[in-house]
Amino acid sequence: MKKIGVLTSGGDAPGMNAAVRAVVRAALQKNMEVVGIYRGYNGLINGDIRPLDATSVSDIIQRGGTMLYTARCLEFKEKAGVLKAKETCLKNGIDGIVVIGGDGSFRGAADLSAEGILCVGLPGTIDNDIAMTEYTIGYDTAMNTAMELIDKLIDTACSHDRCSVVEVMGRRAGYIALNTGIACGATAIITTEMPYDINDVVKKIEASKKIGKNHFIVVVSEGVGNSQKIAEEIQAHCNIDCRATILGHVQRGGAPTLRDRVEASRMGYYAVDLLEKGIGNRVVGLQHGDVIDVDIHEALSMTKEFPKDLYKIANEISI
Ligand code: ADP
Ligand code: F6P
């Protein structure tokens with residue numbers, strides 16, 4: 001393989017830059033040419049493509065966001081869009097592409113691979129909702145950001161004898177909620193994966209009040225979708241002042257953590273290795289700490305287990 005492209009697609013995630021850097025530097029080491037494709041699949045459709053050299057990716061490993069910009073590209077969901085993208089690749093001599101994004105982006109990568117352009121997916125999303133991997137680029141930073149923000153809310157909840165209901169991101173997945181809930185000592189963690197009854201949350205808060213606890217954190221994953229209503233119900237039933245806070249997009253920004261930088265670098269390097277060998281139509285991920293790859297279609301058909309044991313621990317050790 002002589003020339004590869006790299007793009008970021010879907011929601012941005014801290015560590016995407018580290019992955020881009022790894023892809024570019026690894027490819028140059030192997031004497032391949034590399035181009036950046038801008039704004040996700042839009043760049044392929046519009047020909048927004050620029051050569052990258054070793055210094056193009058200097059000074060980005062520590063930055064959040066993505067230097068390649070990202071976008072959601074509806075046109076690429078249609079066959080005509082994929083064919084336009086293929087034409088751009090042929091015109092520019094691009095033999096393979098590293099696609100950094102989530103499941104949606106991998107569907108696009110599968111379509112392009114089917115047209116003969118070898119694609120390798122790297123899991124880039126704060127949600128950690130990609131089944132073939134235990135870890136996605138951006139997840140660690142987002143969780144740490146959410147944890148720090150919840151810590152701040154704890155100060156206020158404590159000072160005012162309040163309950164703070166905090167909604168964290170994750171799309172339909174509750175991994176950020178579960179982990180930040182444990183890390184911040186939440187009284188309750190509410191996610192779509194586990195059935196919940198508001199009466200159980202109320203009972204738990206009441207029991208904790210009886211043993212002298214005066215403030216509470218309830219972490220809700222965004223997929224549950226009604227943190228304001230949950231706050232109102234707790235306030236109504238527990239006779240405690242309650243506020244709902246939606247953390248929102250602050251969870252997507254900021255400098256990537258060490259873990260995100262390192263794993264993005266490992267996976268980026270591995271993706272280039274695959275392309276060098278002429279292997280495409282794969283998604284790279286982590287299993288038991290090892291970098292692995294699986295067929296894109298297989299990756300898309302897999303389902304991810306919610307760590308119920310961790311949820312149980314969280315429930316049992318929180319008051
Ligand atoms: P993520 O990659 O984070 O899951 P999206 O689901 O928004 O984010 O997908 C990102 C982009 O991937 C879309 O805007 C589109 O360009 C492409 N994409 C998503 N789904 C498909 C699909 N079924 N077929 C082709 N391309 C797709
Ligand atoms: O996939 C990342 C994510 O931040 C999800 O957690 C959230 O549901 C979604 O993207 C928000 O998307 P948008 O940036 O389009 O508001």
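In this text the structure is predicted, and so the values were computed from the model without any measurement.

### Comments concerning helix α5 (residues 139–159)
With 21 residues, α5 extends 30 Å from end C-alpha to end C-alpha; this agrees with the ideal 30 Å at 1.5 Å per step. All buried positions along α5 are accounted for by Y139, D140, T141, A142, M143, T145, A146, I150, L153, I154 and A157. Where α5 is buried, its residues touch β6 (163–168), α6 (175–183), β8 (216–221), β9 (242–246) and α9 (258–276). Of the residues trailing α5, D161 is marked for its positive phi of about 55°.

### Quick notes on the environment of V219
Tracing the backbone through its elements, the reader meets V219 in strand β8. Classification of V219 as buried rests on a relative accessible area of 0%. Put simply, V219 and V166 are 53 residues apart on the chain and 4.9 Å apart in space, counted from C-alpha to C-alpha. For V219, the contacting residues outside a window of four places in its chain are I150, V166, V168, A177, T180, G181, A186, A188, I189 and I190.

### So, the packing of aromatic side chains
Scanning all chains against the criterion turns up four aromatic pairs. Centre to centre, the rings of Y41 and F76 are 3.8 Å apart; their planes meet at 0°, and the pair counts as stacked. Here the residue Y41 occupies a position in helix α2 (residues 41–46), and F76 occupies one in the loop between β3 (49–51) and α3 (79–92), the gap between them amounting to 35 residues. Side by side, Y41 and F76 carry an identical accessibility label, which is buried. Through a chain of ring-to-ring contacts, three or more aromatic side chains come together here, namely Y175, F306 and Y311. Directly above the ring of Y175 sits K304, whose terminal nitrogen or CZ lies 5.3 Å from the centroid.

### Observations concerning the nonpolar core
Counting 59 residues, the largest nonpolar core has V6, L122 and I150 as its most contacted members. Apart from the residues within four sequence positions on either side, L122 is in contact with A19, V23, V98, V99, I100, G101, F106, M267, G268, A271 and V284. By size, the runner-up hydrophobic cluster in this structure holds 27 residues, among which are V35, F76, V294 and A299.

### What about the site of ligand 2?
Around ligand 2, the neighbouring residues are R72, T125, I126, D127, M169, G170, R171, E222, H249 and R252. G170 is positioned such that a nitrogen or oxygen atom in its backbone is 3.1 Å from an oxygen atom of ligand 2. A distance of 2.9 Å separates an oxygen atom of ligand 2 from a polar side-chain atom of H249. Taking 400 Å² as the accessible area of ligand 2 by itself, protein coverage stands at 75%. Of the residues in the shell around ligand 2, the class split is two nonpolar, three polar and five charged.

Calculation rules
- Residues numbered from 1 in each chain as written.
- Chains lettered and ligands numbered in written order.
- Predicted model: local features only at pLDDT ≥ 70, side-chain atom pairs only at ≥ 80, totals over all residues.
- Heavy atoms only, no water.
- Helix = DSSP H or I, 4+ residues; strand = E, 2+ residues; numbered from the N terminus.
- Expected span 1.5 Å × (residues − 1).
- Buried < 20%, exposed > 50% of the residue type's maximum accessible area, 1.4 Å probe, protein only.
- Contact = heavy atoms within 4.5 Å.
- Phe/Tyr/Trp six-rings, centres within 6.5 Å; stacked < 30°, edge-to-face > 60°.
- Lys NZ or Arg CZ within 6 Å of the ring centre and 35° of its normal.
- Core = buried A, V, L, I, M, F, W, Y, C linked by side-chain atoms within 4.5 Å.
- Near = heavy atom within 4 Å.
- Polar contact = N/O pair within 3.5 Å; in protein donor to acceptor, adjacent residues only side chain to side chain.
- Areas by Shrake-Rupley, 256 points an atom, 1.4 Å probe, with all protein chains shown as cover.
- Nonpolar A, V, L, I, M, F, W, Y, C, P; charged D, E, K, R; others polar.

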